[in-house]
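# Results of the structural survey
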Amino acid sequence: MILIILACLQAILLVAAAPLVSGSARWMRAKFQTRKGPPILQDYYDISKLFKRQDLHTKDSSFVHRLMPPLFIGVMMLIFMGIPVVTRFSPIPLLGDVILIIYLMVLPRLFFALSAIDTGSSYAGVGGIRELLIGVLVEPAMLLALFVTILATGTTNVGEMGMMVGSFAAVNPVAVALAGVAFACACYMELGKLPYDLAEAEQELQEGPLSEYSGPSLAYCKIALYMKQIVVVSLLVAIFIPFGSATELTVPAMALGLVLYLAKVVVIFFICTIFENVVARVRFKLFGHQTWTVVGIAALALVFFVLGI
Amino acid sequence: MDGFMIVNILGGLLILTSLLVILIKNPKNAAYMYGGQALVLVAILATLGFVTGSSELYTWSVTAFFTKVIIVPAIILFALNKMQAKPDDLAPRFALVTTVLLVVGEVILCYLAVSGIELPTVAELKPALAISLAHFFIGLTCIISQRNIVKQIFGYCLMENGSHVSLALLAPEAPKLVEIGIATDALFSVVIMAFLVLRIQRSLKTLDANELTKLKG
């Protein structure tokens, strides 16, 4: 029962905290460029403003266009309910399966691209196709990295993987570490940050489909995209950096787990923001080369697994 | 974690560093990276010496430190500085991922080859033995994948490092004379190759192996 409450709390907190994460990234970006920049809470203001606006859909659009924003948010909440955040184990073990999580991440992406084609706008359509292409390139790389971890830990459950890694029980430390590096690279591509996208201005690589959304639908989409960033980072933390999270359900252990989780996420987003501000946007055609690099790292991890180190 | 595990992990690091030597485009940076790889090699020799308790391996690691970490990169850096026209970063023949996957395949093949051999002395060190055997092929990969002839010298050096590690694994009690033979052999071949590269660069003004189709004596 406590675990179910914990899972629901996680999902609600995810929705509440999502604009804060993107807002602080924008604020830091402004500081890097020595601008005054928007306040950290700016994304909350933007979203509350969007909710007051009219919800417009193009004439030709079907139910897909209306369904996508709530579906995106719903799926992200569902995924986050299964990810260990303050605890070492998954609050709902059924949802903690890593293959399920990856496939659940594909579902909103498919609807995202479909809704773009659904609008009839050619610009959004191109954005949708690019979004799908990125999915096709990143997700196999992500799965390959996780595949090595699954082999090394002998389980597909996020919580149990984290437990093995956290107690250094995995027999192949080098393979797991390298798989973690590959997974972190793939995660960064999923975040939709600068070399691959610039979410503040017009969207080009990822998130192109947003161009035909307005009002509350756009607000939903924005929250969902920010939520996705937190979900991806939490997945990385849960599997590869689970150190310090609560192994039993006591208040002090969980408080420590929460503090450490927040610290890890803040550090990761800080590193991401630094990286985001020192690179230029990558040409779309070169994206495939970089996902191949991730595949290369994952293949090396597989070798180390075979060698038993 | 016991000493054998440390040797195996260092062997994994050896693969990573050799890959970096192959993949780094600028020959100067590759030379520094090669120095780093030789440092890993020295660590392997020293750890093996500690684990097996053989004093020869300590002397091996000391000589390897001087010949491989200092002298070989120094020779190549010296040759690079001597060149009048600075070598431009020649693009390799293969894409990055092709090289990585080739190396991955080679290591797995070598592991399969080694797993058939039963040797009582290296039962725990089989991964390290597979890695040292694979370095022969990794060196070959470096030679065929690079157009820059300076980078091709590193391919030879990688092969040589592999043979050094496998000798240390299979015959830790080998007399010093063998070791001196290996070290000086590598040293002189690098000197000769660096000299050849300098002459080629001076007379043909290129480091591109693709353009060296009609060498005249």
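First things first, this report covers the structure right here in the doc.

The rules behind the values
Residues numbered from 1 in each chain as written. Chains lettered and ligands numbered in written order. Predicted model: local features only at pLDDT ≥ 70, side-chain atom pairs only at ≥ 80, totals over all residues. Heavy atoms only, no water. Helix = DSSP H or I, 4+ residues; strand = E, 2+ residues; numbered from the N terminus. Rg over C-alpha atoms; globule rule 2.2 N^0.38 Å. Buried < 20%, exposed > 50% of the residue type's maximum accessible area, 1.4 Å probe, protein only. Contact = heavy atoms within 4.5 Å. Patch = residues over 30% accessible without salt bridge, like charges linked within 9 Å, V, L, I, M, F, W, Y side chains within 5 Å. Areas by Shrake-Rupley, 256 points an atom, 1.4 Å probe, with all protein chains shown as cover. Salt bridge = Lys/Arg side-chain N within 4 Å of Asp/Glu carboxyl O. Axes fitted to C-alpha atoms, helices over the stretch in contact; angles between N-to-C directions. Parallel < 35°, antiparallel > 145°, perpendicular 65-115°, else oblique. Left-handed = near helix turned anticlockwise from the far one by under 90°. Nonpolar A, V, L, I, M, F, W, Y, C, P; charged D, E, K, R; others polar. Expected span 1.5 Å × (residues − 1). Polar contact = N/O pair within 3.5 Å; in protein donor to acceptor, adjacent residues only side chain to side chain. 1 Å grid on protein atoms, 1.4 Å probe; cavity = no way out; pocket = protein on both sides within 12 Å on 5 of 7 lines; lining within 4 Å. Points joined across faces, edges and corners; volume = space filled by probe spheres on them. Core = buried A, V, L, I, M, F, W, Y, C linked by side-chain atoms within 4.5 Å.

## Comments concerning the overall build of chain B
- Helix and strand counts for chain B stand at seven helices and zero strands.
- Here chain B has a C-alpha radius of gyration of 18 Å; the compact-globule value for 217 residues is 17 Å, and the two agree.
- Across its three principal axes, chain B shows a C-alpha extent of roughly 55 × 35 × 30 Å.
- Burial analysis of chain B (217 residues in total) assigns 50% to the buried set.

## Here's the deal with the overall build of chain A
- Of regular secondary structure, chain A possesses 10 helices and zero strands.
- Listing each helix as α and each strand as β along chain A from the N terminus yields α-α-α-α-α-α-α-α-α-α.
- The globule rule puts the C-alpha radius of gyration for 309 residues at 19 Å, and the 19 Å found for chain A is close to it.
- With respect to the principal axes defined by its C-alpha atoms, chain A has extents near 55 × 45 × 45 Å.
- Looking at the 309 residues of chain A, the share that counts as buried comes to 55%.
- Counted over contacts in chain A with a minimum sequence separation of 6, partners at least 24 positions apart contribute 79%.

## Quick word on the side chain of T17(B)
- Relative to the assigned elements, T17(B) resides in helix α1 (residues 3-23).
- Those residues in contact with T17(B) that sit more than four places away from it in its chain are M33(B), Q37(B) and V40(B).

## Brief notes about a nonpolar patch on the surface
All names here are of chain A.
- Together, F32, V267, F270, I271, I274, F275 and V278 make up a nonpolar patch on the protein surface, roughly 640 Å² of accessible area in all.
- Its location among the elements puts I274 in helix α9 (residues 251-278).
- Judged by its relative accessible area of 31%, I274 is partly exposed.

## Here's the deal with the packing of helix α3 (residues 63-82) of chain A against helix α8 (residues 215-240) of chain A
All names here are of chain A.
- Viewed as axis vectors pointing N to C, α3 and α8 meet at an angle of 25 degrees, and their least axial separation amounts to 8 Å. As far as their axial angle goes, α8 and α3 are roughly parallel. α8 is crossed by α3, and the crossing has left-handed handedness. Every residue of α8 that contacts α3 at M68, P69, F72, I73, M76, M77, I79 and F80 is listed here: S217, Y220, C221, I223, A224, L225, M227, K228, I230, V231 and S234.
- Residue classes in the contact of α3 with α8 are distributed as 16 nonpolar, two polar and one charged.

## Comments concerning helix α6 (residues 149-170) of chain B
Residues and elements named next belong to chain B.
- Taking 1.5 Å as the rise per residue, α6 with 22 residues should run 32 Å; its terminal C-alpha atoms sit 32 Å apart, in good agreement.
- Within α6, 18 of the 22 residues are buried, which leaves it mostly tucked inside the rest of the structure.
- Of the residues flanking the start of α6, the one acting as N-cap is N148, its side-chain oxygen 3.0 Å from the backbone nitrogen of V150.

## Observations regarding the interface of chain B and chain A
- In this assembly, 18 residues from chain B lie in contact with 15 residues from chain A.
- Connecting chain B to chain A are zero salt bridges.
- Viewed at the interface, chain A and chain B are joined by zero residue pairs in polar contact (both at pLDDT 80 or more).
- Broken down by secondary-structure element, the contributors of at least two residues to the side of chain B that touches chain A are α1, α4 (96-115) and α5 (126-145) of chain B.
- Among the elements that take part in the side of chain B that touches chain A, α4(B) stands out by supplying eight residues, more than any other.
- Classifying every residue of the side of chain B that touches chain A gives 16 nonpolar, two polar and no charged.

## Structural notes on the layout of surface pockets
Residues and elements named next belong to chain A.
- If you add up the space inside the largest pocket, you get close to 740 Å³.
- As for the largest pocket, its lining consists of 27 residues, and the residues nearest its centre are A17, V21, Y261, L262 and V265.
- Secondary structure elements with two or more residues in the lining of the largest pocket: α1 (2-32) and α9.
- Across the lining of the largest pocket, the residue classes break down as 24 nonpolar, three polar and no charged.

## Re the pattern of salt bridges
- Per the stated rule, a full pass over the model turns up nine salt bridges over all chains.
- For D43(A), the salt bridge goes to R26(A), with nearest N and O atoms at 2.6 Å. Here D43(A) is found in helix α2 (residues 42-52), whereas its partner R26(A) is found in helix α1, with 17 residues between them in sequence.
- Exposure remark for D43(A): the relative accessible area of 1% places this residue in the buried category.
- For E160(B), the salt bridge goes to K68(B), with nearest N and O atoms at 2.8 Å. With E160(B) in helix α6 and K68(B) in helix α3 (residues 55-82), this residue pair connects regions lying 92 residues apart in the sequence. Here E160(B) and K68(B) have matching classes, each one buried.
- Each of R109(A), E131(A), E139(A), E190(A) and K228(A) takes part in one network of salt bridges that share partners.

## With respect to α9(A)
All names here are of chain A.
- Between its first and last C-alpha atoms α9 spans 41 Å; for 28 residues at 1.5 Å apiece the expected length is 40 Å, and the two agree.
- Where α9 is concerned, the buried positions are A253, M254, G257, Y261, K264, V265, I268, F269, C272, T273, E276 and N277.
- The secondary structure elements touched by the buried residues of α9 are α1, α3, α7 (173-191) and α8.

## Comments concerning the nonpolar core
- Counting residues in each nonpolar core, the largest one holds 154 residues, and the members touching the most others are I79(A), F183(A), F304(A) and L307(A).
- The element that contributes the greatest number of residues to this core is α8(A), accounting for 18 residues.
- Discounting residues that sit within four places of it in the chain, L307(A) has contacts with I15(B), V107(B), Y111(B), P127(B), A130(B) and I131(B).

## A look at the environment of T52(B)
All names here are of chain B.
- For T52, the position within the fold is in helix α2 (residues 27-52).
- Taking the C-alpha atoms as reference points, T52 and N8, 44 residues apart in sequence, are found 14 Å from one another.
- Of the polar contacts made by the side chain of T52, one reaches the backbone oxygen of L48; its length is 2.7 Å.

## Things to note about empty space enclosed by the protein
- Inspection of the entire model under this criterion finds four cavities of 30 Å³ or more.
- Looking at the largest cavity, the residues that line it are P84(A), V85(A), T87(A), R88(A), S234(A), V237(A), A238(A), I241(A), P242(A), S245(A), Y261(A) and K264(A).
- Mapped by element, the contributors of at least two residues to the lining of the largest cavity are α8 and α9 of chain A.
- Sorting elements by how many residues they give to the lining of the largest cavity places α8(A) first, with three residues.
- When the residues that make up the lining of the largest cavity are grouped by side-chain class, the tally is seven nonpolar, three polar and two charged.
- The volume enclosed by the second largest cavity comes to roughly 60 Å³.
- Lining the second largest cavity, in full, are Y34(B), T67(B), K68(B), V72(B), Y156(B), C157(B), E160(B), A183(B), A186(B), L187(B) and V190(B).

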